[in-house]
Amino acid sequence: MAMRCKRCRGQAVMEVRRHNAAFCRDCFFHYVGQQVTRAIAKYRMLGHTDRVLVAVSGGKDSLALWDLLLGLGYQADGLYLSLGIGAYSERSKGVCEEFAAARGARLLVHDLAAEHGYTIPEAAGGTGRSSCGVCGLSKRYVFNKAALDGGYDVVCTGHNLDDEAAVLFANTLRWETGAMARQFPVLEATRPGLVKKVKPLYRVAERETAAYCVLKGIDYVVEECPLVAGNTQMRHKETLNQMEEAAPGTKHSFLFGYLERAAGLLKVADDAELTECARCGMTTQAPEDPAAEAVCAFCRSKARLVKTLPVVKVTSG
Amino acid sequence: MLVTARLRPPDRVVEVADVRRVADLLVRLEVLPGAVLVIREGALLTSQDELRDGDQVEVRFAISGGSGGLKPRPPVNGGG
């Protein structure tokens, strides 16, 4: 017998087991919109007068987020960063451009190779970081700088419930209390040089953002990044998915329990003192040795790359 | 009764015999229902939806990096 929608009793198209619910198309959109609205309100993420920059990759999460924010009436521009991962990056960029054009939305395009002289495949290994590590570092830097340069009030990322649960799981396994203390749906701009960062999808599961895109007809890049194989976070996600299958709601309880009952207790663990990077002027962690020069992780990685890569022509940035 | 399932990513196609509902198909494919969407002719299916002979469905992994199922072994073909 076909499943019925929990709200209207029509034929369901999407099951949400952690809420013991299923929804028809329209009620599913209502449910997702409600989750995002609740997230924004609870943590005062955005205001309707804010200039919002959505970091988009061409994947399901960021495009669903951009679509939702536009639908909710926010002034949301997109920011795509080309990582230089061959055909994968070309396809991702094309998907973002088509999405923006179809909605008359503004998309800013940045290019790692043109602006900083390296691509992620080149950087993997050359910086002493994994490809995912250097990719994350590069994105955080470029998103923050682009938002500052463009006068945006807030950067939105498409981190979803599964992403957040997997990161919390990894940090808990290693008792990375400093990182746990900073894992929150909102990171305020605590000093000049930092832009507020928010995660409006933290209440929405990854499977739900994919379903949202399919039901909305949003073309997203289904293929995995070719560099992601063996990524630790992916292994953690698989572990959590096994647990979720046996006990629906496990990921939700893990993350929400942390945010509501443990995150506050860990605030004291976030003892990172911030300062200005001596090379680029962006905000970074102050070195333990007060006599040492403060250089941000992005500039340090870039400096290591310059030594290992052939000379490339930098056109801007 | 034969259903053709296109799994992605990564892209691969298998034929599965004698599966009545989506839930049965996912069991045969050794895929976690919470990690995929099942799509037929552009429409999402729930685990309880019935399959028809000759159906062509897409089993799309919706969890980044969650591509699982179909542990290395001969394709799930035929059957009684």
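As shown above, the structure is provided for reference.
Basis of the calculations
- Residues numbered from 1 in each chain as written.
- Chains lettered and ligands numbered in written order.
- Predicted model: local features only at pLDDT ≥ 70, side-chain atom pairs only at ≥ 80, totals over all residues.
- Heavy atoms only, no water.
- Helix = DSSP H or I, 4+ residues; strand = E, 2+ residues; numbered from the N terminus.
- Rg over C-alpha atoms; globule rule 2.2 N^0.38 Å.
- Buried < 20%, exposed > 50% of the residue type's maximum accessible area, 1.4 Å probe, protein only.
- Contact = heavy atoms within 4.5 Å.
- Areas by Shrake-Rupley, 256 points an atom, 1.4 Å probe, with all protein chains shown as cover.
- Lys, Arg positive; Asp, Glu negative; His and termini not counted.
- Charge placed at Lys NZ, Arg CZ, Asp CG, Glu CD.
- Pairing = 2+ DSSP bridges.
- Buried area = accessible area lost by both parts, 1.4 Å probe.
- Salt bridge = Lys/Arg side-chain N within 4 Å of Asp/Glu carboxyl O.
- Polar contact = N/O pair within 3.5 Å; in protein donor to acceptor, adjacent residues only side chain to side chain.
- Nonpolar A, V, L, I, M, F, W, Y, C, P; charged D, E, K, R; others polar.
- Core = buried A, V, L, I, M, F, W, Y, C linked by side-chain atoms within 4.5 Å.
- Phe/Tyr/Trp six-rings, centres within 6.5 Å; stacked < 30°, edge-to-face > 60°.
- Lys NZ or Arg CZ within 6 Å of the ring centre and 35° of its normal.
- Axes fitted to C-alpha atoms, helices over the stretch in contact; angles between N-to-C directions.

**Student:** I'd like to hear about the overall build of chain A, residue by residue, with values.
**Tutor:** Helix and strand counts for chain A stand at twelve helices and ten strands. Taken against the 2.2 N^0.38 rule, which gives 20 Å for 317 residues, the C-alpha radius of gyration of chain A at 20 Å falls within 12% of a compact globule. Overall size of chain A, expressed as C-alpha extent along the three principal axes, is 65 × 45 × 40 Å. With 317 residues in all, chain A has 52% of them scored as buried. A sequence separation of at least 24 residues applies to 69% of the contacts in chain A between residues at least 6 apart. A total accessible area of about 14,800 Å² is found for chain A, and carbon and sulfur atoms account for 52% of it. Here chain A contributes 40 positive and 35 negative side-chain charges, whose respective centroids are spaced 3 Å apart.

**Student:** Tell me about the pairing of strand β2 (residues 12-17) of chain B, and name the residues and values.
**Tutor:** Residues and elements named next belong to chain B. With six bridges joining them, strand β1 (residues 2-8) and β2 adopt antiparallel strand pairing. Its bridge partner lying in β2, Leu-7 is registered against Arg-12. The turn linking β1 back onto β2 is made up of three residues.

**Student:** Let's hear about the interface of chain B and chain A: which residues, and what values?
**Tutor:** On the side of chain A, 26 residues touch chain B, which itself brings 23 residues to the contact. When chain B packs against chain A, close to 2,100 Å² is buried across both sides, 57% of that on carbon and sulfur atoms. There are one salt bridge connecting chain B and chain A. The residue Glu-223 of chain A makes a salt bridge to Arg-8 of chain B at a minimum N-O spacing of 3.6 Å. There are five residue pairs in polar contact (both at pLDDT 80 or more) connecting chain B and chain A. Among the elements of the structure, β3 (36-40) and β4 (43-45) of chain B are those that each provide at least two residues to the side of chain B that touches chain A. Its residues assigned to classes, the side of chain B that touches chain A shows eleven nonpolar, nine polar and three charged.

**Student:** Which residues make up the nonpolar core, and what are the values?
**Tutor:** Residues and elements named next belong to chain A. Residues Phe-28, Leu-46 and Leu-69 are the most contacted members of the largest nonpolar core, which totals 68 residues. Ranked by the residues each element gives to this core, the list is headed by helix α1 (residues 25-42), at eight residues. Beyond its immediate chain neighbours, meaning those up to four positions away, Leu-46 contacts Ile-40, Val-52, Leu-69, Tyr-74, Val-154, Cys-156 and Val-198. Counting 28 residues, the second-largest nonpolar core is a separate cluster that includes Ala-55, Leu-112, Cys-135 and Met-282.

**Student:** Before we move on, can you summarise the packing of aromatic side chains with the specific residues and values?
**Tutor:** Residue and element names in this part refer to chain A. For the coordinates displayed, the defined rule picks out ten aromatic pairs over all chains. Among the aromatic residues, those joined into a cluster by ring pairs are Tyr-43, Phe-184, Tyr-202 and Phe-256. Positioned above the aromatic ring of Phe-29, the side-chain terminus of Lys-216 is 5.3 Å from the ring centre. The ring centre of Phe-184 lies 4.6 Å from the NZ or CZ of Lys-267, which sits over that ring.

**Student:** So, the sheet that holds strand β8 (residues 196-198) of chain A: which residues are in play, and what are the values?
**Tutor:** Residues and elements named next belong to chain A. Taken together, six strands build an open sheet; the order of strands is β5-β4-β3-β6-β8-β7 and the sheet is mixed. Each having just a single partner strand, β5 (107-111) and β7 (186-187) make up the two edges of the open sheet. In this structure, strand β3 (residues 51-56) lies alongside strand β6 (residues 154-156), joined through three bridges in parallel fashion. Counted as the bridge partner of Val-52 is Val-154 from β6. Contacts from helix α6 (residues 131-150) reach β3, β4 (75-82), β5, β6 and β8 within the one sheet, and its direction differs from that of β4 by about 135°.

**Student:** Give a description of the sheet that holds strand β5 (residues 56-61) of chain B that names residues and reports values.
**Tutor:** All names here are of chain B. In spatial order, the strands read β2-β1-β5-β3-β4; together these five strands make up an open sheet with mixed pairing. Since the sheet does not close on itself, it has two edges, and those belong to β2 and β4, each with one partner. Within this sheet the neighbouring strands show an average axis-to-axis angle of 35°, counted without direction. Strand direction decides the pairing type here: β3 and β5, joined by five bridges, are antiparallel. Each residue of the ladder has a partner; that of Leu-37, found in β5, is Arg-60.

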